[in-house]
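# Examining the three-dimensional arrangement
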Amino acid sequence: MTLLDVRDMTIRIGTQNGILRAVHGLDLSLKSGEVLGIVGESGCGKSITALGILDLLPKSAIRTARQILFDGKELSTFSAAAMRTVLGNDIGMIFQDPMTALNPTYTIGNQLVEVYRRHRGGRRSEAEERAIWLLNRVGISAARSRLGQYPHQLSGGLRQRVVIAQALMCEPKLIIADEPTTALDVTVQAQILRLIKDIQEDINAGVIIITHDLGVVAQMADRVLIMYAGEMVETGTTERVFTAPRHPYTHGLLACLPQPEMSGQLGQIRGIVPSLLGDPVGCTFRTRCLKAVNACRMEIPLHAPTHDHRWRCVLPTGLAS
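To start, this report covers the structure provided alongside it. The structure displayed is predicted, hence computed values, not measured ones. (Residues numbered from 1 in each chain as written. Predicted model: local features only at pLDDT ≥ 70, side-chain atom pairs only at ≥ 80, totals over all residues. Heavy atoms only, no water.)

### Remarks on the sheet that holds strand β9 (residues 206-211)
Taken in spatial order, the 8 strands of this open sheet run β7-β8-β9-β3-β10-β11-β13-β12, and their pairing is mixed. The open sheet terminates on both sides in strands that have one partner only, identified here as β7 (91-94) and β12 (302-306). Sheet twist, expressed as the mean angle between neighbouring strand axes with direction ignored, is 15°. Pairing of strand β10 (residues 223-228) with strand β11 (residues 231-237) involves 6 bridges; the strand directions are antiparallel. (Pairing = 2+ DSSP bridges. Helix = DSSP H or I, 4+ residues; strand = E, 2+ residues; numbered from the N terminus. Axes fitted to C-alpha atoms, helices over the stretch in contact; angles between N-to-C directions.)

### A word on the packing of aromatic side chains
Tallying each qualifying case throughout the model produces 3 aromatic pairs. Here Y228 and Y249 contribute two aromatic rings whose centre-to-centre distance is 4.7 Å and whose plane-to-plane angle is 55°, an arrangement assigned as tilted. One end of the pair, Y228, is in strand β10; the other, Y249, is in helix α11 (residues 248-255), and 21 residues separate them in sequence. The class for Y228 is buried, based on a relative accessible area of 1%. (Phe/Tyr/Trp six-rings, centres within 6.5 Å; stacked < 30°, edge-to-face > 60°. Buried < 20%, exposed > 50% of the residue type's maximum accessible area, 1.4 Å probe, protein only.)

### Some points on the pattern of salt bridges
If charged atoms from side chains of opposite charge come close, those side chains can pair. Taken as a whole and judged by the stated rule, the model has 13 salt bridges. Close ionic contact of R7 with D5 constitutes a salt bridge, the shortest N to O distance being 2.9 Å. The exposure class assigned to R7 is partly exposed, which follows from its relative accessible area of 24%. Close ionic contact of E41 with R288 constitutes a salt bridge, the shortest N to O distance being 3.1 Å. A residue pair is termed long-range when its members are at least 10 positions apart, and E41 in the loop between β3 (35-39) and α1 (46-53) and R288 in the loop between α11 and β12 qualify at 247 residues. When its relative accessible area of 24% is taken as the criterion, E41 is described as partly exposed. One network of salt bridges, in which partners are shared, links D5, R7 and D27. (Salt bridge = Lys/Arg side-chain N within 4 Å of Asp/Glu carboxyl O.)

Shown next, in the form of C-alpha cells:
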C-alpha cells in the first residue's frame, strides 16, 4: 500500500537577489514498511523537501504541488491546525540536530509526555510509562530517572535517542529522519541506524532517511532518490541504482566512495553546484558532466524503462549508451 505519494512538488524561496528554486518538479512515493533514502550534496534540496511535505517551510517559501497524498489524505489542502494533528501523531520527524530539536528549558520527561497527551490524551502517568518504555527501547539506561533531566545533561548520542523516542511516542505511520547521525561518532552512528531500522520493522512504518552518505543508504534503504540542484536525477531500487547507475551524477557519487582494492586517488566531480536563482533551463549538471552535449541545454527527458528505475538524461540509456 502506498503511504506517501508526492507529485510535481516545487518550492521557491524569495531572497534579496531574486527567487531561489530550492525544489523543482519533484515526485516521490513510499510504501508502508519501506525505507527510501534521499541522497545528494549539501544544498541540493534534501531537507527542504521533507519540510515541504510537512508544510514547515519559512514564510518566504512558496510550495506548490499537484499532489501530496499521505495515508489517503491530501496534505496540500490541510490548514496549519490540521497539520498539527498529523505531525507527531501520524508522522514522526527525527531532526538532524537534537540540541535544536529539544527544548533546553524543559525536562526530557515533559517533552515526551507532551507529545503523547497532545495527540492521544490520557493520564500523565500513562504517558510517562510510554516514555519510559520507549527510552528503554532506544537503549537509554535508567530511563525513569532520565525523565527529570534536561537535554544539556545528556551526551549527543543520548540526545539523538531521545529525539527518536519523541518521534515514536504515538507510533507514527511515517518516520522522516534528516541526517540523524551527522554529529555522532562512528560507533554511535551504527547503533542509531540499527535502532531506526529495527523500530521501523517492528511497527511497519514507512521511513524517509535524508543523508549525503551512500553507505547509510546501502545499509538501510530499499529504494533511493538521487537529488541534484533541487531535482530528482535518478531513482529506483537501491540495488539497481548502485549496481547500474544511469545518470552521470550518480556515477560520480559512487566513484567517490573508497573501495577495498583501491590504491589510487578517490574519484571526484569537477566544478560546483550552479546557482538556483531564477529558472535554470536544461540539465543543471551539464557544466560538470563529461558527457554533456548541446542537447543538455534543452528540456531533459525522463527515462523509465522499468517501474523500479528512472532517470533524467538526454542520453537514452544514460551511461550505458
